[in-house]
Amino acid sequence: MSKKMLKFVNLNKQNPKKRIVGERKTDFNEIYGEFIKDKAKEQSSRCSQCGVPFCQIHCPLGNNIPDWLKLTAEGRLKEAYEISQSTNNMPEVCGRICPQDRLCEGNCVIEQSGHGTVTIGSIEKYITDTAWEKGWVKSVKVKRELKQSIGIIGSGPAGMACAEELRKSGYQVTIYDRYDRPGGLLIYGIPNFKLEKFIVERRTQLLKESGIKFVQNFEVGKDKTLYELKEKHDAILIATGVYKARDINISGHDLQNIFPAMEFLTASNRKGLGDKVKLFDDGTLDAKGKNVVVIGGGDTAMDCVRTSIRQKAKSVKCIYRRDRENMPGSTREVENAIEEGIEFVWLTNPKSFIGDKTVNAVEVNKMKLGLPDSSGRRKPEVEIGSEYKIPADLVIKSLGFDPENIPKLFNAEELSISQWGTIKINLKSMQTNLDGVFAAGDIVRGASLVVWAIRDGRDAAEQIEKYLQLKSNKDKSIKAA
Ligand SMILES: Cc1cc2nc3c(=O)[nH]c(=O)nc-3n(C[C@H](O)[C@H](O)[C@H](O)COP(=O)(O)OP(=O)(O)OC[C@H]3O[C@@H](n4cnc5c(N)ncnc54)[C@H](O)[C@@H]3O)c2cc1C
Ligand code: SF4
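Residues numbered from 1 in each chain as written. Chains lettered and ligands numbered in written order. Predicted model: local features only at pLDDT ≥ 70, side-chain atom pairs only at ≥ 80, totals over all residues. Heavy atoms only, no water.

K.L.:
Looking at this structure, how should I read the site of ligand 2?
P.N.:
As a structural note, the neighbourhood of ligand 2 is formed by Cys59, Asn63, Ile65, Asn88, Cys94, Cys98, Gln100, Leu103, Cys104, Ile120, Glu124 and Val451. When grouped by side-chain class, the residues that make up the shell around ligand 2 number 8 nonpolar, 3 polar and 1 charged. (Near = heavy atom within 4 Å. Nonpolar A, V, L, I, M, F, W, Y, C, P; charged D, E, K, R; others polar.)

This is how it looks when you write it as structure tokens:
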């Protein structure tokens with residue numbers, strides 16, 4: 001076995017104890033190891049075909065997992081791929097980045113009986129990666145072109161899944177996006193070490209070859225209003241995600257070198273894609289040699305700490321106001337971060353940022369957990385007199401995201417939103433209160449998961465198709481009369 005392969009095996013998730021602490025590599029294999037054919041077969045054949053597919057029930061896409069595991073175990077990979085792709089527009093993406101411990105794998109009967117889950121995500125990735133290699137993944141071939149067109153705002157997973165499904169039925173689809181590259185958070189949010197960017201670019205290219213038009217650097221609200229876009233298309237889908245970063249307004253918040261998570265992650269992803277990024281190139285957003293403090297305990301915070309360590313930061317601390325058990329992110333992500341040498345400072349909250357022009361420390365308070373609040377979670381309370389300072393050259397704020405003010409941004413004040421600022425839809429028809437305007441993904445759910453965005457995009461496509469069929473039937477009967 002080559003040295004490279006040995007490293008992969010050491011890092012394999014199946015062997016966590018053998019993993020090399022602090023080892024940093026830069027691609028997906030660092031997490032899952034080289035998922036070779038024999039491993040895929042061995043893992044797939046561990047599925048007991050239990051007859052009660054809890055894994056399938058807990059997959060938001062209802063993927064037919066037992067069937068594709070059986071086919072993989074039998075070496076019938078092409079058939080396994082056909083089944084897998086029939087319910088999922090991006091199986092290779094989900095296989096890589098779904099929090100499987102909370103979804104399919106966490107509910108695997110073998111896991112529940114204490115024997116360790118079948119590694120469903122890795123197998124899903126393996127099947128689809130093989131399909132790409134063998135040329136089984138094909139663009140959509142439309143049998144009958146339809147005249148009706150749909151404008152999709154946002155090229156993240158929700159927009160892309162919806163576009164592909166509508167194109168399969170023959171509709172004309174245009175995706176508008178304010179970024180220069182398609183993919184939404186798949187391209188600029190999620191780090192390269194979790195999801196390599198060529199995986200996203202390859203999908204986008206496939207959609208282009210399917211006849212879907214992409215209009216980049218196009219911001220709805222600035223380049224056209226929602227109503228202007230509506231004039232151009234028979235239906236609209238809003239799939240704009242949530243991007244307003246929550247902030248902490250404490251003393252020293254305006255010091256230099258304090259950044260929101262997305263600014264840090266986007267810079268890093270752009271560098272990975274070969275872009276010039278002024279603030280990274282001049283060292284400001286590069287963690288190399290710095291004492292980095294990340295504030296927050298969710299998955300985005302884990303991405304920031306793990307990106308910092310890969311950029312060769314001097315030290316990386318993650319401060320979170322509750323304890324480990326109450327962290328909102330995936331347990332697996334936290335475990336990965338700990339193994340890579342990140343220091344977690346639980347039950348700690350920032351009190352002020354200290355520095356002269358540029359931050360040089362975060363003053364923090366120790367916290368304790370009090371009585372449960374209205375959400376049922378124990379409320380963190382400050383321990384009086386517990387202040388101390390943590391040295392910091394770069395502070396990254398990762399406190400979650402809220403929706404932007406879409407009605408205002410889109411010049412469509414009538415568009416209904418919820419008390420949280422997400423777009424309100426009829427849960428059955430997925431339509432907003434505006435006729436022919438649908439919405440899906442994070443902008444409806446709030447910050448969620450890629451797999452849910454894909455699910456929403458597929459559901460929206462089904463509902464848009466129903467709406468358009470009804471519309472064209474109505475038009476025909478008006479003409480006939
Ligand atoms: C750092 C980070 C890491 C994550 N890691 C994971 C993970 O490991 N696993 C997982 O399942 N989920 C993860 N998520 C969550 C996941 O990325 C999102 O749930 C998912 O991308 C939402 O898809 P979406 O299509 O609704 O929106 P997005 O992916 O956000 O796409 C929305 C698109 O709309 C565009 N847009 C917005 N406003 C306009 C406008 N006015 N005009 C034109 N275009 C506009 C944006 O440019 C963007 O391209 C992560 C999120 C973040 C922030
Ligand atoms: S899409 Fe996600 S939840 Fe569903 S089978 Fe794949 S990894 Fe599991």
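K.L.:
How should the site of ligand 1 be read in this particular structure?
P.N.:
The immediate surroundings of ligand 1 are formed by 34 residues, with Ile97, Asp177, Lys194, Tyr243 and Asp442 found nearest. The separation between an oxygen atom of ligand 1 and a polar side-chain atom of Lys194 is 2.9 Å. Between ligand 1 and the protein, one listed contact pairs an oxygen atom with a backbone N or O atom of Val450 at 3.0 Å. For ligand 1, whose accessible area on its own is 1000 Å², the fraction buried by protein is 97%. At the level of elements, helix 10 (157–168), helix 16 (299–310) and helix 20 (450–480) are the ones that each hand at least two residues to the shell around ligand 1. Tallied by class, residues from the shell around ligand 1 come to 18 nonpolar, 10 polar and 6 charged. (Polar contact = N/O pair within 3.5 Å; in protein donor to acceptor, adjacent residues only side chain to side chain. Areas by Shrake-Rupley, 256 points an atom, 1.4 Å probe, with all protein chains shown as cover. Helix = DSSP H or I, 4+ residues; strand = E, 2+ residues; numbered from the N terminus.)

K.L.:
Just checking my understanding: could you explain the pattern of salt bridges for this structure?
P.N.:
Side chains that differ in charge, positive against negative, can pair when their charged atoms come close. In total, this model carries 30 salt bridges according to the counting rule given. The partner of Lys168 in a salt bridge is Glu165, and the shortest N-O contact between them spans 2.8 Å. A residue pair is termed a helical-turn pair when its members lie 3 or 4 positions apart in one helix, as Lys168 and Glu165 do in helix 10 at 3 residues. Given a relative accessible area of 40%, Lys168 falls into the partly exposed group. Overall, Glu165 belongs to the buried group, its relative accessible area being 17%. (Salt bridge = Lys/Arg side-chain N within 4 Å of Asp/Glu carboxyl O. Buried < 20%, exposed > 50% of the residue type's maximum accessible area, 1.4 Å probe, protein only.)

K.L.:
Even after reading the chapter, I still don't get the pairing of strand 8 (residues 315–319), so can you show me in this structure?
P.N.:
The two faces of a sheet get side chains in turn, since along a regular strand they alternate between them. Counting buried residues along strand 8, 4 of its 5 residues qualify, which places the element largely inside the surrounding structure. Judged from the 5 bridges that link them, strand 7 (residues 291–295) and strand 8 form a sheet pairing that is parallel. Each residue of the ladder has a partner; that of Val292, found in strand 8, is Val316. Between the parallel elements strand 7 and strand 8, the chain passes through helix 16 in a crossover that is right-handed. Two strands pair when backbone bridges link them, and strand 8 and strand 9 (residues 343–345) are joined in this way by 3 bridges, in the parallel orientation. Paired with Cys318 across the two strands is Phe344, which belongs to strand 9. Running through helix 17 (residues 331–339), the crossover from strand 8 to the neighbouring parallel element strand 9 is right-handed. (Pairing = 2+ DSSP bridges. Right-handed = clockwise from strand over helix to strand, strands pointing away.)

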